[in-house]
Amino acid sequence: MALVTGESLKAELGTFDIPYQDDSVLDKMVAQCICNRIQAVEMVHEWVAYSTTKNGVLLTTDTLDHFDHEVPALLIPLIEAEEEEENLLDAYSTPAKGSQKRALTTPEHPHSKRSAALLSSPGLLLSPARFSPSTTPSQKYSQRGGKGEVAVSFGVVQGTRWASRKNLGAGVQLQLLEGPEDSLGCSYKYMFQRLRDVRNVLTEKIEELGDDLRNHFNIEEFAPVSLPAQDSITVLGQVCCDSNGKLNAHSVLLEAGPEQGGQLVPVDLSELKEYSLFPGQVVALEGMNTTGKKLMASKLCEVSDKLTRFLHTHLSYHSIAEPVNILVACGPYAPSDSLTFDPLLDLINVIVKDHPDVCLLLGPFVDSKHEQIEKAQVTETFEDIFSRCIKSIVDGTKSVGCHLVFVPSQRDIHHHFIYPQPPFTLPSLSKDQRVTLVPDPCTLLIDGVTLGLTSTDILFHMSAEEISCGTGSDRFSRILKHMLTQRSYYPLYPPVEEVNMDYEKFQSFAQMPLTPDVLVIPSELRYFVKDVVGCVCVNPGRLTKGQVGGTYGRLLIQRRAGAEDGSRVSPCLAAQVVKI
C-alpha cells in the first residue's frame, strides 16, 4: 500500500467530494495518520463518520483538533463489538484453530486484536512488520508511568509557554556557525592517517593552549620537563597515563611538546590540595624536578574559564528577537525489545501538540546496539529503516512548520563510523527548507544564540577516566568545564576504543570555535541541566532506556542585551527535561 501523503489524502477526500480549507489541512491530517497509525482511507472514513454526527461540519484545522480529541471515544464501541464477535467465533472454532488465535493474546501480550492489526499493517510508515518478523509492541514501554512529567527544571520555568511563535517557525534564523565552506558537509576518506600527523595535531593543541596559559599566568617561558633544576620551574604538557590502565594519582605522566623537549616525566601530586585531571588535558605545572626524573608538583595551572569567551565579541546582533522554543531529543527511538518505534511516534505527538520552533534530533535513529539488529532479525535494509524514520518525522510535523535538525551518531549502523562524523545524506530532502543536516559535533547559531551539539557520549567516556581531589564540585560539572576550557568537543586522548578518531578532521571540525551559550550533550548517564562557566549544559537523556521510556529536553532561548555592568546575560531563559 502507498504511504500516507497529502496527495493520497486529497484523492480519498475527492472520492467523497469533501471540501477542505487549504493545504494546511492535508498536512495536519498526515500528522494525525502517522501519530494514530492509520492509513489515508481509514482517516477519511473516520472523518465522514464524525462529520455526519456534526451536521456536515467543514474540514478545517480547527475542526480537525476537535476530531482528534473526540474520535477515540467514538471508536471504543466499535473495537469492543469486534472483539466480542471474534471471541464468539473462537468458541466455535476447532481446537487447532482456536489455539492459534489464543496464542496471539497471551497474558504477556494483552493488547486488543484490532490494535495488533493496526500495529502490524504493512502500509504504515513505521510498521514493525516491515522491519522484523516480530511485530509485538514493547509491553514495558506501553505500561510506563510518569508520561509528560518534568524531571528537571532550570531558569524561570513558572508561567513559561512552551510553544512556538505566532507564525510557525517564521523568522527563525538557523545556520552552522562555521559556515558551509568551513563545516564538515559531506563524507570523506578515512583510515589513512599517519602517527606523525596525529602527533602534529596534539602538538599544535599543546602550543595553542600553552600560549593562553603563558599570557594568563604571566609565565616568561616553560622549562623542559626532563631537565634537572634546583629551583622551582613551570612546565607545559599533556596529561597521560603510565600504562594501558586507567589514570590514578600514582600513574600520572606529563608529556611535553617538541619546544619543551618532547619528553615524558612522572608527576607526584601529593603536594596539590586540589586537582582534576584526565588523559589528554593540557596543563602547566609548577614544581621541583631536581633529578629530571620526577616532577614534584606544587601548583596546577589550568586554562581559565575567563579565556573561554574569546570569540563572543566577534558576533554582533542588530536586534533582540522573540524567544525561540527548542525541543531536543536523542535516540534510540525504539525500545530495545521491539522495532515498533512507539517512542518516536509519541515524540511526533509532542511536537504536534507543543509546536516548537526548532527540533534538534540526535541519533542513533537505527541503533547498532538494538537487540534485533544485533541478532540480524530485521527484514529491511538499515537505510530503508532510517529513511522511513526520517520521512515519518518530516511528514508528521509538516503542519507544525518547525525547523528540523538531524545529527548523526556513532551508533547509527547505516552511517559512517568515524569521528568527526559527516552529516546524513538525504537527497530526497535536499530542497526541504525545514530540514538541516549537520555533522557530529557542530556549533549552531539560532537567532543569535550559539548552541554546541554532539551525540557522542563524551560524558560517559571522560567520567571513567577523570581523577580528582578536593575540588568540591560534582563530576559532571568538572567534565563539562574541562570541555569548555580545553575548547574541544572530545578532549580525551587517547579516545575510547569505540570512537574511531580522524585527527586531521578532528583538528578542523571537533574544536569549539567559541564557548557556546548552550551545550547539548546527551549521555547514558543521568539527565541534567547545569550552568557551567556561563554555558547552560543540557543532557536531555535518551528517548528510550532499554525497554522503557526515557526523556527529552526543551529550551527557551532569547538573545538579550548585556547587564548594566557590561557582564553577559545568559540567553537561556528556561530549560526542562521531560519524561516521554
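Residues numbered from 1 in each chain as written. Predicted model: local features only at pLDDT ≥ 70, side-chain atom pairs only at ≥ 80, totals over all residues. Heavy atoms only, no water.

Draft legend 1. The arrangement of the overall build of the chain in detail. Secondary structure summary: the chain contains 15 helices and 22 strands in total. Every one of the 580 residues in the chain was classed for burial, and the buried ones make up 52%. Partitioning the intrachain contacts of the chain with sequence separation of at least 6 by distance along the chain shows that 73% fall at a separation of at least 24. Element-wise, carbon and sulfur atoms account for 52% of the exposed surface of the chain, whose accessible area totals about 26,500 Å². (Helix = DSSP H or I, 4+ residues; strand = E, 2+ residues; numbered from the N terminus. Buried < 20%, exposed > 50% of the residue type's maximum accessible area, 1.4 Å probe, protein only. Contact = heavy atoms within 4.5 Å. Areas by Shrake-Rupley, 256 points an atom, 1.4 Å probe, with all protein chains shown as cover.)

Draft legend 2. Examining the sheet that holds strand 12 (residues 435–437) more closely. Strands sit in the order 1-22-21-9-10-11-12 across an open sheet of seven strands; the sheet is mixed. Of all strands in the sheet, those with a lone pairing partner are strand 1 (150–155) and strand 12, marking the two edges. Strand-to-strand twist in this sheet, taken as the mean axis angle between neighbours without regard to direction, amounts to 15°. Across five bridges, the pairing between strand 9 (residues 324–330) and strand 10 (residues 358–362) is parallel. Opposite cysteine 330, over in strand 10, you have leucine 362 as the bridge partner. Here helix 10 (residues 342–354) sits on the sheet in contact with strand 9, strand 10 and strand 21 (551–557), set at roughly 175° to strand 9. (Pairing = 2+ DSSP bridges. Axes fitted to C-alpha atoms, helices over the stretch in contact; angles between N-to-C directions.)

Draft legend 3. How the structure looks around the environment of tyrosine 419. Looking at where tyrosine 419 falls in the secondary structure, it is placed in the loop between strand 11 (403–407) and strand 12. A relative accessible area of 0% places tyrosine 419 in the buried class. Here the alpha-carbon distance between tyrosine 419 and asparagine 500, two residues 81 residues apart in the chain, equals 5.8 Å.

Draft legend 4. Region of interest: empty space enclosed by the protein. The tally for this structure, following the rule as stated, stands at four cavities of 30 Å³ or more. Here the second largest cavity defines a volume of roughly 50 Å³. Along its surface, the second largest cavity is lined by Pro332, Tyr333, Ala334, Leu339, Phe341, Phe365, Val366, Asp367, His370 and Ile373. Across the lining of the second largest cavity, the residue classes break down as eight nonpolar, one polar and one charged. (1 Å grid on protein atoms, 1.4 Å probe; cavity = no way out; pocket = protein on both sides within 12 Å on 5 of 7 lines; lining within 4 Å. Points joined across faces, edges and corners; volume = space filled by probe spheres on them. Nonpolar A, V, L, I, M, F, W, Y, C, P; charged D, E, K, R; others polar.)

Draft legend 5. Structural detail: the packing of aromatic side chains. Going through the model one piece at a time under the given rule, you end up with 13 aromatic pairs. Centre to centre, the rings of tyrosine 50 and phenylalanine 67 are 5.2 Å apart; their planes meet at 70°, and the pair counts as edge-to-face. Taken together, the positions of tyrosine 50 in helix 3 (residues 40–53) and phenylalanine 67 in helix 4 (residues 61–92) put the pair 17 residues apart, joining distant regions of the chain. Both residues of the pair, tyrosine 50 and phenylalanine 67, belong to the buried class. (Phe/Tyr/Trp six-rings, centres within 6.5 Å; stacked < 30°, edge-to-face > 60°.)

Draft legend 6. Highlighting the packing of helix 2 (residues 23–36) against helix 12 (residues 382–396). As a packed pair, helix 2 and helix 12 sit with axes 8 Å apart at the nearest point and diverge in direction by 135°. Considered as vectors, helix 2 and helix 12 are oriented oblique to each other. Taken together, the residues of helix 12 that come into contact with helix 2 (itself represented by Asp27, Val30, Ala31 and Ile34) are Ser392, Asp395 and Gly396. Class assignment of the residues belonging to the contact of helix 2 with helix 12 gives a composition of three nonpolar, two polar and two charged. (Parallel < 35°, antiparallel > 145°, perpendicular 65-115°, else oblique.)

Draft legend 7. Looking closely at the nonpolar core. Leu9, Leu347, Leu361 and Phe406 are the most contacted members of the largest nonpolar core, which totals 60 residues. When residues of this core are assigned to their parent elements, the largest contribution, eight residues, is made by helix 2. Grouped together as the second largest cluster of nonpolar side chains are 32 residues, Leu176, Val328, Val358 and Leu444 included. (Core = buried A, V, L, I, M, F, W, Y, C linked by side-chain atoms within 4.5 Å.)

Draft legend 8. Local environment of the pattern of salt bridges. For the structure on display, the rule yields 19 salt bridges. Across the pair lysine 398 and aspartate 27 runs a salt bridge, and its minimum N-O distance is 4.0 Å. Of this pair, lysine 398 sits in the loop between helix 12 and strand 11 while aspartate 27 sits in helix 2, placing them 371 residues apart in sequence. For aspartate 27, a relative accessible area of 18% translates into the label buried. Where glutamate 380 meets arginine 388, a salt bridge forms, and the shortest distance between an N and an O atom there is 3.3 Å. With a relative accessible area of 13%, arginine 388 lands in the buried category. Residues joined by salt bridges that share partners form a network here, namely Asp367, Arg411, Glu524, Arg542 and Lys545. (Salt bridge = Lys/Arg side-chain N within 4 Å of Asp/Glu carboxyl O.)

Draft legend 9. View of the pairing of strand 18 (residues 535–539). In terms of burial, strand 18 is largely enclosed, as five of its five residues are buried. Burial of the side chains of strand 18 extends over both faces: Cys535, Cys537 and Asn539 are buried on one face and Val536 and Val538 on the other. Looking at chain direction, strand 16 (residues 518–520) and strand 18 are connected through three bridges and run parallel. Looking across to strand 18, one finds that valine 520 is bridged to valine 538. Across five bridges, the pairing between strand 17 (residues 528–532) and strand 18 is antiparallel. What sits directly across from valine 532, in strand 18, is cysteine 535. Count of turn residues in the strand 17/strand 18 antiparallel hairpin: two residues, of which valine 533 carries a positive phi of about 40°.

Keep in mind these values describe shape, not function.
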